[in-house]
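The primary structure of each chain is shown beneath.
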Amino acid sequence: MANPMSTATGAQRILIIEDEPDITEVLKYNLEKNHYQVATAGTGEDGLAAARDTLPDLVLLDLMLPGIDGLEVCRKIREDPRTRDLLVIMLTAKGTEADVVVGLTLGADDYIVKPFSTSELMARIKAVLRRAEPREGDSDDEAIKVGPLAIDLRKHEVRVDGKPIELTLSEFKLLSFLIKKKGRVFTRDQLLDAVVGPDVFVTARNIDVHVAALRKKLGKYGSWIVTVRGVGYRFEEV
Ligand code: CA
C-alpha cells in the first residue's frame, strides 16, 4: 500500500521485512513518528525485490519468514552488488543466538532481540546509521581516542589515562579493531579473521583468551569489551 510521505524532508528510508502484520504495524507507526520514511514487505522475496528497487537507507529484517528466511535474504542482499552496502538490522527471537552468529557472519550490521522496546529499537537504528556515516574500514587516522583510552595506530601504542600499557600484537589488533567499529557486535570467527587472518588455524576460543588478557590490562575499562552471550563481543563505553 502506497503511503504518502513527505519527500521534501529527505527523511531516511527504512524497509521492514516482516511477516507478522501486528509487528509491522507497530514498527511502521513508531518509525514514522520518528520521521523515517517506511516501506514494508511481508515475505523474503518481496523484501528482496523492494530492497533492490528502492535501495533504502536501512533494512529491518525479521529472520523467521515464510519462504526464503531472513538469513537467506541477508545473504542475497550481500551478494548483489546493487544492495551489498545496505545497512541491515536483524530482528530475532530469544534463544536464536546461532542464527545471530550466522547473520553477523553473512554481514548483518546488528541485531535486536524480540520483544524489544521502541526506545531500544530507535537507539539501535540511530547507532547503525551513524556508524555508516564516515565510511567504515577506510579510516587512515593515526590515532583513536575513546575517553581515557588513546591508541596510536602507527606506533602500536595504547595509553590508559595517559599511561602506556604493554599489549601483544594480537591484543593490539583486537582492541583497535573493536574500537574502530565501536558498538558493533562481532562473532569470535570474525574477530579471529581481523586479528590473525583467515588462513591461520586457531580456534575461536583463542579470542576469549585474548579478550581476558586485554580486559586485565585495561583495568577498570576492561568491562568496555562487552561479552554478548552466545554471539561474541562488542566495544562499548559502559
Ligand atoms: Ca516472522
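The structure we're discussing is the one just above.
The structure reproduced in this document is the subject of the present report.

Rules used in this analysis
- Residues numbered from 1 in each chain as written.
- Predicted model: local features only at pLDDT ≥ 70, side-chain atom pairs only at ≥ 80, totals over all residues.
- Heavy atoms only, no water.
- Salt bridge = Lys/Arg side-chain N within 4 Å of Asp/Glu carboxyl O.
- Helix = DSSP H or I, 4+ residues; strand = E, 2+ residues; numbered from the N terminus.
- Core = buried A, V, L, I, M, F, W, Y, C linked by side-chain atoms within 4.5 Å.
- Buried < 20%, exposed > 50% of the residue type's maximum accessible area, 1.4 Å probe, protein only.
- Contact = heavy atoms within 4.5 Å.
- Pairing = 2+ DSSP bridges.
- Axes fitted to C-alpha atoms, helices over the stretch in contact; angles between N-to-C directions.
- Donors = N, O, S within 2.8 Å, 3.2 Å for Na, K, Ca; no water.
- Parallel < 35°, antiparallel > 145°, perpendicular 65-115°, else oblique.

**Points about the pattern of salt bridges**
Counted under the stated rule, the structure contains 20 salt bridges. Between Arg52 and Asp80 there is a salt bridge; the shortest N-O distance is 2.9 Å. With Arg52 in helix H2 (residues 44-54) and Asp80 in the loop between helix H3 (70-79) and strand S4 (87-93), the pair connects residues that are 28 residues apart, well separated along the chain. With a closest N to O distance of 4.0 Å, Lys155 and Asp152 form a salt bridge.

**A short note on the nonpolar core**
Within the largest apolar cluster, 26 residues are counted, with the highest numbers of intra-cluster contacts made by Leu149, Ile151, Leu174, Leu175, Ile179, Ile225 and Phe235. The set of elements that each furnish at least two residues to this core consists of strand S6 (143-146), strand S7 (149-152), strand S8 (157-160), helix H6 (169-180), helix H7 (188-196), helix H8 (205-218) and strand S12 (232-235). Those residues within four positions of Ile151 in sequence are excluded, and the remaining contacts are Glu142, Ala143, Ile144, Glu157, Val158, Phe172, Leu175, Ser176 and Ile179. Among the nonpolar cores identified, the runner-up in size contains 25 residues, and Leu48, Ala50, Leu65 and Leu106 belong to it.

**A look at the sheet that holds strand S3 (residues 58-62)**
In spatial order, the strands read S2-S1-S3-S4-S5; together these 5 strands make up an open sheet with parallel pairing. The open sheet has two edge strands with one neighbour each: strand S2 (37-41) and strand S5 (110-114). Within this sheet the neighbouring strands show an average axis-to-axis angle of 20°, counted without direction. With 5 bridges connecting them, S3 and S4 associate as parallel partners. Along S4, the bridge assignment pairs Leu60 with Ile89. Packed on one face of the sheet, H2 meets strand S1 (13-17) and S2 and runs near 165° to S1. Across the sheet, H3 lies against S1, S3 and S4, angled at about 150° from S3, the strand it touches most.

**Considering the coordination of the calcium ion**
Protein coordination at the calcium ion comes from Asp19 (OD), Glu20 (OE), Asp62 (OD) and Met64 (O), with a distance range of 2.1 to 2.9 Å. Each donor residue of the calcium ion lies on the same chain, and together they follow the pattern D-E-x41-D-x1-M. In this structure Glu20 comes out as partly exposed when scored by relative accessible area, which is 36%.

**So, the sheet that holds strand S10 (residues 186-187)**
A sheet is described by the order of its strands in space; here 3 strands give the open sequence S10-S12-S11, paired in antiparallel fashion. The open sheet has two edge strands with one neighbour each: S10 and strand S11 (225-228). Pairing of S10 with S12, which is carried by 2 bridges, proceeds in the antiparallel orientation. For Phe186, the partnering residue across the bridge sits in S12 and is Tyr233.

**Things to note about the packing of H6 against H8**
One way to put it is that H6 packs onto H8 with a least axis distance of 10 Å and a crossing angle of 85°. With respect to their mutual orientation, H6 and H8 come out roughly perpendicular. Between H6 and H8, the contacting residues are Ser170, Glu171, Leu174 and Leu175 on the first element and Ile207, His210, Val211, Ala213, Leu214, Lys217 and Leu218 on the second.

**Considerations on the environment of Gly10**
Among the structural elements, Gly10 can be located in the segment before S1. Spatially, the C-alpha atoms of Gly10 and His35 are 9.9 Å apart, while their sequence positions differ by 25 residues.

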